[in-house]
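A structural walkthrough
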Amino acid sequence: MPLTYKTIKPLLLTGTNAASRWFSYIGLGIGVLLLLSSLQMFFNIQSLLKKTSIRKNGFDYVSVTKLITNDNMGQDNRFGPADVEELKQQPFIEDAAPLLSNKFEVVASGGEVIPISSDIFIEALDHSFIDTVPPSFTWSEGQMVVPVIFSSDFLEMYNVFAPSYGLSQVSTATAGNLSITLRCEGKLEQQTFRANIVAFSDRVNSVLVPASFLGWANKTLEGVDDTKASRVFIKTKDANSNDLLSFLEQKNYRVNKDKTAFGRSKQILQGIITGLGVFGILVIVLALMLFSFYLQLVIARSKDSLQLLLTLGYSPSWLSKNVARQFIPVYILVVLFALLLTQGMQWLFHHFVMYDRPELSSILHWSIMVIALLLIILSVITNFRMVRKLLYRLS
Amino acid sequence: MQLQLQQLLPVYFEESRKASSEIWGKDLAFSKGEMIKIVAPSGSGKTSLMHFMYGMRKEYTGVVKYGDKNISQFNAEDFALHRSNHISIVFQDLRLFPEQTVLENLEIKRQLNPYHSKEKIQYMASRLGIGDKLQSKARICSYGEQQRVAIIRSLLQPFDFLLLDEPFSHLDNENSQKAMELMLEESRERNACIVFADLERIDYFPFTRLFHL
């Protein structure tokens with residue numbers, strides 16, 4: 001007959017001090033619940049802001065212009081290659097790229113859907129600074145269709161004033177199919193192209209064309225090979241950093257911070273959620289400590305019996321395993337209960353607060369289940385090591 | 001297999017004890033099959049000696065060896081294995097689980113390394129006159145009954161050495177003899193050595209060597 005714990009079990013005085021045991025179970029449950037729900041909220045925020053975030057890989061992308069004052073009006077307030085290089089040299093700026101603009105006149109007309117024509121400006125920017133760059137955003141000489149990335153804000157503005165002028169509002173899908181004519185007229189030459197909106201940008205407030213087209217057009221139509229730019233885009237870890245702001249102020253540069261506001265709110269929200277998660281971890285640690293005190297108490301109360309078992313020849317590691325095993329179902333139940341509660345909260349949040357938005361799911365993120373499993377393993381291991389330590393001390 | 005004592009002396013005894021004792025400070029070896037009687041007056045360190053040999057205490061100078069292994073080098077797991085396979089003991093202070101029944105007390109030991117069947121417990125208990133006490137809690141048994149439980153408990157495992165520390169202090173002559181007979185039978189069956197320490201000589205223990213502590 002194999003060695004059974006059944007005969008030993010009554011020797012462990014677990015019934016004593018039930019209050020401290022229940023406190024530790026409840027504490028553990030609350031800690032796990034806090035941790036799991038914060039994590040799930042973190043994932044929810046990620047999903048919700050994925051589409052609208054202008055932050056990419058944890059960076060802020062902002063445009064910088066030179067401050068126009070009464071003193072410098074009429075002067076050349078554009079950024080030269082040396083200015084861009086100086087910006088790149090700053091430790092708080094990861095990268096910088098000029099927004100090159102057209103040096104010739106551009107008139108755009110919208111065809112049948114938008115029967116108006118207007119002078120516009122076009123710009124070109126390094127691809128790594130643009131949030132949405134489809135593969136079709138390229139141009140080579142001889143190509144009569146120019147791909148364009150249009151600012152989402154511009155489209156929104158158009159849709160605001162369009163009804164007042166008896167024009168029809170345009171969806172992003174329709175805008176992609178619009179037949180736009182670009183008449184480009186410089187000192188040397190005039191040419192007409194067809195423009196095709198291939199993407200919308202939340203980050204760059206401009207009408208972007210491929211740099212190859214702009215360079216070619218400036219040179220061919222206007223005879224200019226100018227690399228100066230009115231705006232420079234910078235990539236930075238934090239657009240609100242003091243170093244960056246004081247540098248820009250000192251240089252008399254102005255930063256457009258509107259675009260970073262959303263990223264900031266997200267960062268603050270994530271900070272709060274992370275804080276909650278850390279608090280959850282602290283509560284778990286506290287609960288595990290409370291449970292270890294309870295275990296110490298149980299073992300201290302059962303000390304005589306455990307010591308006699310060891311004296312009679314019971315192995316401390318066998319005893320530790322079996323004593324610790326008694327608490328495994330409790331740990332599993334506590335974590336499962338917290339997991340179920342988190343699942344319930346996620347369902348309620350998705351259903352009643354977010355009105356079943358498709359970006360979110362009513363089911364918990366898979367990593368929450370993994371974390372719950374890891375927490376069970378962590379509790380069981382901590383428990384086992386604690387019991388073993390106490391029993392070895394007795395032997 | 002031998003149990004060796006080399007220059008053994010409790011740290012709380014003076015060196016002068018070595019001169020008057022046949023065990024303290026001497027080199028001795030007990031072999032399987034031997035019957036060792038140790039006569040020791042109160043305060044001579046009888047229980048200390050038993051505890052040192054069983055590996056429960058380490059407050060001594062000198063060496064206790066089981067085979068070629070110094071037991072002071074054993075870790076907790078080694079002792080567990082040693083105590084469930086090679087050495088058994090009847091404590092002077094009995095050391096039963098007071099809240100468990102007699103049967104539970106015996107079963108806790110038996111299941112550790114079953115040498116006998118569960119039925120043998122009933123047989124041994126009846127033979128020592130406590131057959132009707134198996135379901136009683138140990139704490140409500142008399143000292144004499146508890147002592148017989150401790151004796152049976154020591155016989156439920158395999159062993160090479162059986163240490164007896166005043167095993168009959170609460171038993172009358174007749175019950176002592178019955179218990180001795182049982183222990184002798186069980187030891188012979190295992191070809192084990194009995195190390196029997198008591199205050200005085202007992203006629204019904206057929207010792208092969210006698211020592212004065």
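This is a predicted model, so every value here is computed, not measured.

Turning next to the packing of aromatic side chains. Residue and element names in this part refer to chain B. According to the stated counting rule, one finds 28 aromatic pairs over all chains in the structure shown. Site record: aromatic cluster; members linked through ring pairs are Tyr12, Phe13, Trp24, Phe52 and Tyr60. The positively charged end of Arg17 is found above the aromatic ring belonging to Phe13, 4.0 Å away from the centroid. Over the face of the ring belonging to Tyr115 we find Arg190, whose NZ or CZ atom lies 3.8 Å from the ring centre.

All chains considered together, the criterion is met by 20 salt bridges over all chains. Here A:Lys187 makes a salt bridge to A:Glu222, at a shortest N to O gap of 3.9 Å. Of this pair, A:Lys187 sits in the loop between β7 (180-185) and β8 (190-201) while A:Glu222 sits in helix α5 (residues 211-222), and the two are 35 residues apart along the sequence. Judged by its relative accessible area of 71%, A:Lys187 falls in the exposed class. With a shortest N-O distance of 3.3 Å, B:Glu59 and B:Arg57 are connected by a salt bridge. Judged by relative accessible area, which is 35%, B:Glu59 ranks as partly exposed.

The biggest cluster of nonpolar side chains holds 48 residues, and the ones touching the most others in it are A:Ile8, A:Leu309 and A:Leu319. Where this core is concerned, the elements lending two or more residues are α1 (18-50), α7 (258-301), α8 (303-312), α9 (316-325), α10 (328-353) and α11 (366-394) of chain A. Take this core: its biggest share by element is 9 residues, from α11(A). Counting residues in hydrophobic clusters, the runner-up holds 35 residues, among them B:Leu94, B:Leu96, B:Cys141 and B:Ile151.

To summarise the sheet geometry, strands pair through backbone hydrogen bonds and adopt either a parallel or an antiparallel arrangement. Residues and elements named next belong to chain B. Strand order in this open sheet of 4 strands is β2-β1-β4-β5, and the pairing throughout is antiparallel. Each of the sheet's edge strands pairs with one partner strand only, and the pair in question is β2 (27-31) and β5 (69-70). Across 2 bridges, the pairing between strand β4 (residues 60-66) and β5 is antiparallel. What sits directly across from Lys65, in β5, is Asn70. The strands touched by helix α2 (residues 46-54) within the sheet are β1 (2-10), β2 and β4, with β1 carrying the most contacts at an inclination of about 130 degrees.

Another point: the interface of chain B and chain A. Taken residue by residue, the interface counts 20 residues in chain B and 20 residues in chain A. A buried area of about 1700 Å², summed over both sides, lies between chain B and chain A, and 64% of it is on carbon and sulfur atoms. One can count 0 salt bridges joining chain B with chain A. At the surface where chain B touches chain A, the tally comes to 10 residue pairs in polar contact (both at pLDDT 80 or more). For the side of chain B that touches chain A, the elements supplying multiple residues, two or more each, are α3 (76-85) and α4 (102-110) of chain B. The class makeup of the residues in the side of chain B that touches chain A is 10 nonpolar, 3 polar and 7 charged.

If you check the domain split of chain A, you get domain 1 (9-52 + 263-394) and domain 2 (60-236). Placing the centre of domain 1 of chain A and that of domain 2 of chain A at their C-alpha centroids yields a distance of 55 Å.

Residue and element names in this part refer to chain B. Across the sheet, which stays open at both edges, the 5 strands sit in the order β6-β7-β8-β3-β9 with parallel pairing between neighbours. This sheet does not close on itself; its edge strands, each paired only once, are β6 (87-90) and β9 (209-212). Across the sheet, the mean angle separating the axes of adjacent strands is 15 degrees when strand polarity is ignored. In the sheet, β6 pairs with strand β7 (residues 161-165) via 4 bridges, with the strands oriented parallel. Following the sheet pairing, Ile87 is matched in β7 by Phe161. Relative to β6, helix α6 (residues 143-154) is tilted by about 175 degrees, and along the sheet it contacts β6 and β7.

Together, A:Phe23, A:Ile281, A:Val285, A:Leu286, A:Met289, A:Leu290 and A:Phe293 line one region of the surface with nonpolar side chains, adding up to about 690 Å² of accessible area. By the element assignment, A:Leu290 lies in helix α7.

For a regular strand, side-chain orientation follows a simple rule: the groups alternate between the two sheet faces. Residues and elements named next belong to chain B. Among the 5 residues of strand β3 (residues 35-39), 5 are classified as buried, and the element is accordingly described as predominantly covered. Both faces of β3 are covered, namely the face carrying Met35, Lys37 and Val39 and the face carrying Ile36 and Ile38. Direction of pairing for β3 relative to strand β8 (residues 193-198): parallel, over a ladder of 5 bridges. Bridging across to β8, Ile38 finds its partner in Ala197.

Rules used in this analysis
- Residues numbered from 1 in each chain as written.
- Chains lettered and ligands numbered in written order.
- Predicted model: local features only at pLDDT ≥ 70, side-chain atom pairs only at ≥ 80, totals over all residues.
- Heavy atoms only, no water.
- Phe/Tyr/Trp six-rings, centres within 6.5 Å; stacked < 30°, edge-to-face > 60°.
- Lys NZ or Arg CZ within 6 Å of the ring centre and 35° of its normal.
- Salt bridge = Lys/Arg side-chain N within 4 Å of Asp/Glu carboxyl O.
- Helix = DSSP H or I, 4+ residues; strand = E, 2+ residues; numbered from the N terminus.
- Buried < 20%, exposed > 50% of the residue type's maximum accessible area, 1.4 Å probe, protein only.
- Core = buried A, V, L, I, M, F, W, Y, C linked by side-chain atoms within 4.5 Å.
- Pairing = 2+ DSSP bridges.
- Contact = heavy atoms within 4.5 Å.
- Axes fitted to C-alpha atoms, helices over the stretch in contact; angles between N-to-C directions.
- Buried area = accessible area lost by both parts, 1.4 Å probe.
- Polar contact = N/O pair within 3.5 Å; in protein donor to acceptor, adjacent residues only side chain to side chain.
- Nonpolar A, V, L, I, M, F, W, Y, C, P; charged D, E, K, R; others polar.
- Domains from an automatic or database assignment.
- Patch = residues over 30% accessible without salt bridge, like charges linked within 9 Å, V, L, I, M, F, W, Y side chains within 5 Å.
- Areas by Shrake-Rupley, 256 points an atom, 1.4 Å probe, with all protein chains shown as cover.

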